[in-house]
Number of protein chains: 2
Amino acid sequence: MTTPEMEPEVEPRIRAAVDALFDREVAFLSELTAHPSTRGNEQSAQDFMAREMGDRGLSVDRWQIDLDDIRDMPGFSPVIGDYEDAVNVVGTHASRRRTGRSLILNGHIDVVPEGPHDMWDSPPFSPRVDGDWMYGRGAGDMKAGLAANIFALDALREIGLAPGADVHVQSVVEEECTGNGALACLQRGYRADAVLIPEPFNETLVTAQVGVIWFQVHLKGVPAHVAYAGSGANAIEAAMPLITALHAMEERWNGAERRHGDYGHVDHPLNLNIGRIQGGDWTSSVPAWCVFDVRMGVFPGQDLAESRREIEEVLRAAAQDSDFLRNNQPEIVYHGFMAEGYALSQDRSTAARDAIGALGGAHERVTGRALDTAAITATTDARFFGLYADTPALVYGPRAEAIHGFNERVDLESLRRLTQTTALFIAEWCGLEDA
Amino acid sequence: MTTPEMEPEVEPRIRAAVDALFDREVAFLSELTAHPSTRGNEQSAQDFMAREMGDRGLSVDRWQIDLDDIRDMPGFSPVIGDYEDAVNVVGTHASRRRTGRSLILNGHIDVVPEGPHDMWDSPPFSPRVDGDWMYGRGAGDMKAGLAANIFALDALREIGLAPGADVHVQSVVEEECTGNGALACLQRGYRADAVLIPEPFNETLVTAQVGVIWFQVHLKGVPAHVAYAGSGANAIEAAMPLITALHAMEERWNGAERRHGDYGHVDHPLNLNIGRIQGGDWTSSVPAWCVFDVRMGVFPGQDLAESRREIEEVLRAAAQDSDFLRNNQPEIVYHGFMAEGYALSQDRSTAARDAIGALGGAHERVTGRALDTAAITATTDARFFGLYADTPALVYGPRAEAIHGFNERVDLESLRRLTQTTALFIAEWCGLEDA
């Protein structure tokens, strides 16, 4: 018996089908990007995803995340508030024959805040195409990837084919702050033999990613009328030596002796970012409070509890050098990322080797170039599958620029290649059957 | 003909009338303090003041400030937005005989924000009395003064007397940010031979006050995903060297060679305060923007335009030392105080000498002590009357603690003395007639 994937002409037919559908894929991406799915506001985008999945005959699972279901799982990140507005969507293709290896195509629907609109050349949630680029918040990170996941399956269907194994198309929330959306998919029982996450890393396979810790530093003190500034304590200025001390810690953590092997040649892999600050109520009142938000990277294998202790010790020691802070110890609140690093490069399993091989082959056929790999200085949801479900998670997505910045954009020709590569990878990994 | 003020028994009768009414005065202050009259929210407090004035037979003038009426007047401070919510109230006692010298009793109804409620021992707008103290935002700064202005007149009326000259009781907005409320009273034509402003300076006569400049520094730059922190520019951290440079300027301005005579022995009279800061949108995005608010004092006689130029030059020079700021010059926005200093001590007029003498006499009779004077490191609305209406403005009010801070409180026995002193001062300055 001959299975469809054996037919020699299937590869060009799949690629041609992606091309034939590509205008529709761009329109899909544009519509998806128009949903301003910042954290807490993903519902309309998830409604769109669920509808599109359903229209394609996928069986759709749409559920609200319940904190109680996941809070005791490894990889959980602490959050403030509940998850009333956190909805995941998974569309499943159930293979009839199940001859191949199953696959999760994962993507996150949440986007980071767009920032001041006057810094954008055009409105961030009114996507526009200019040459090869589509502009818009989330176009690159990572709605193009979500589009590729959907349209890779569309291309197969267009030529009468379907994956020869179960494929779960996941659209998750919370990637940008906790990863609890992907974690909730694990909790709900979704498993597969491999995972593909098309995060926008320039058609390069991510072989290692850092972990990330978010923490908030709260400073509070006794304010006063500025006429008596000496008797008050300026909570905003009290933040400055703490930030300086945190940067000194950042340099130590990046030191040669602490380096993870995958990051030996990466310039400054662990970044500490003061991402937000707020303090004070009135220009002529000495500010009584200040809060700042910090993001710090950690290497794969770096212990999170120990890292937290070091952060706390750094802040405690810096506070000792300040008259104000000595008597008003900074309070550290963890909410958001408490994420370990993850290195696919250390996954010695057959599944990992085969999945990387299949992706590399597809990439090479589409691009004509060997698959590059990279150790990245960000985190992705890959860690959940790799660390807590023993599943190789391949992060490989389109070329994008200015993600998290202004005029975020994704290269549409790169998206076309990604969609072709994904479809060929599915054909190879899952096998094919008649649709 | 004998006028009432000549009668030897009038002074103890006035003081006894203040005592007799004091429970009512405390209740009045409590009710007034319960109105959360932060900037933009003064209407209910002003309604209360207008009603109380009207009930006492004062003719009430209540009007919305029109920016166009005042923006070209000397002493105007720039504001953002309009003044749709800025209402002044003036209640006028029109003397029948007009034998004495007229008086403005001025006070401001606006209070500074209360800050985080958990830093207060009890809710800031639920005034409470504990021993001699009344606690609440605005109780000291300066609703106690507003109460004293009203109840000093009440005490005279209680014993069948009234000021022998016109008295305008002013309840103005915007003292805490611009002074445009007092300025609008000048524009509306209110004039008198002297002004009393019972700001809470511990029963001390203010003989000099600093000027104040408010400015906002806006930083904007190119943000990025923190994974590429090196390619972004952290707008929050870019603020730090600017703040350091501003403090260096503050030290120069406080230097001996720049000192105003009235401040020769004041420790650090000119305070620079970083009162508010805000920046960034997302913990894992390098912040693209940061805004901080600065308050800086100036000496009486210090030229505001020249001071602004120096501030701008300091920021420009500091920006040159920063890779980020060199290409993203800080933007300086002035809104709020653009206030000159004012020294009553330099008013050589007969009116000033007489008004100070009358207040000093009243103070001495009530407290048994000579009137102390002070050069203060804050500003008040006194400058409008002194600088732009050639009218001596006496700032003299009750003892308060933690103004602009948590657990702001006013000493009620001090309020009682202030009310007596004010009533005696009115009797002396305005003379008395039958009510």
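Structure's up top.
Parameters and conventions
- Residues numbered from 1 in each chain as written.
- Chains lettered and ligands numbered in written order.
- Predicted model: local features only at pLDDT ≥ 70, side-chain atom pairs only at ≥ 80, totals over all residues.
- Heavy atoms only, no water.
- Least-squares fit on C-alpha atoms with pLDDT ≥ 70 in both.
- Contact = heavy atoms within 4.5 Å.
- Phe/Tyr/Trp six-rings, centres within 6.5 Å; stacked < 30°, edge-to-face > 60°.
- Helix = DSSP H or I, 4+ residues; strand = E, 2+ residues; numbered from the N terminus.
- Buried < 20%, exposed > 50% of the residue type's maximum accessible area, 1.4 Å probe, protein only.
- Pairing = 2+ DSSP bridges.
- Axes fitted to C-alpha atoms, helices over the stretch in contact; angles between N-to-C directions.
- Disulfide = S-S within 2.5 Å.

Draft legend 1. Up close: the relation of the copies chain B and chain A. Expressed as a screw operation, the relation of chain B to chain A combines 0.0 Å of axial shift with a rotation of 180 degrees, fitting to an RMSD of 0.0 Å. Taken together, the rotation angle and the small translation identify this as a two-fold axis. Closest to the rotation axis within chain B is the C-alpha of B:Gln278, separated from it by 2.2 Å. Of the interface residues in chain B, 100% have counterparts in chain A that sit at the interface too, so the contact is made through matching surfaces.

Draft legend 2. Seen up close, the packing of aromatic side chains. Residue and element names in this part refer to chain B. Under the counting rule described, the total for this entry stands at 20 aromatic pairs over all chains. Centre to centre, the rings of phenylalanine 215 and tyrosine 334 are 6.4 Å apart; their planes meet at 55 degrees, and the pair counts as tilted. Of the two residues, phenylalanine 215 sits in strand β10 (residues 211-220) while tyrosine 334 sits in the loop between β13 (331-333) and β14 (338-339), which places them 119 residues apart along the sequence. Looking at phenylalanine 215, the relative accessible area reads 2%, which means it is buried.

Draft legend 3. Representation of the sheet that holds strand β18 (residues 409-411) of chain B in the model. All names here are of chain B. Strand order in this open sheet of 4 strands is β4-β5-β18-β17, and the pairing throughout is antiparallel. Only two strands of the sheet have a single partner each, and these edge strands are β4 (128-130) and β17 (400-401). Here β17 pairs with β18 via 2 bridges, running antiparallel. Residue alanine 400 lies in a different strand from β18, and its bridge partner there is valine 410. Here helix α4 (residues 139-158) sits on the sheet in contact with β5 (133-135), β17 and β18, set at roughly 45 degrees to β18. Each of β4, β5 and β18 is contacted by helix α11 (residues 412-430), which is oriented at about 55 degrees to β18, the strand it contacts most.

Draft legend 4. The arrangement of the state of the cysteines in detail. Summed over the entire model, instances satisfying the criterion amount to 0 disulfides over all chains. The closest cysteine sulfur to the non-disulfide-bonded B:Cys290 is located on A:Cys290, 9.7 Å from its own sulfur. A relative accessible area of 0% places B:Cys290 in the buried class. As a non-bridged cysteine, B:Cys430 has B:Cys185 as the owner of its nearest cysteine sulfur, 17 Å distant.

Draft legend 5. Structural detail: the pairing of strand β7 (residues 167-172) of chain A. All names here are of chain A. Of all 6 residues in β7, 6 are buried; the element is thus mostly enclosed. Residues Val167, Val169 and Ser171 of β7 are buried on one face, and the alternating residues His168, Gln170 and Val172, pointing to the opposite face, are buried as well. With 5 bridges joining them, strand β2 (residues 87-93) and β7 adopt antiparallel strand pairing. Bridge pairing in β7 places histidine 93 opposite valine 167. Sheet topology places strand β3 (residues 103-108) next to β7; 6 bridges connect them, and they run parallel. What sits directly across from leucine 105, in β7, is valine 169.

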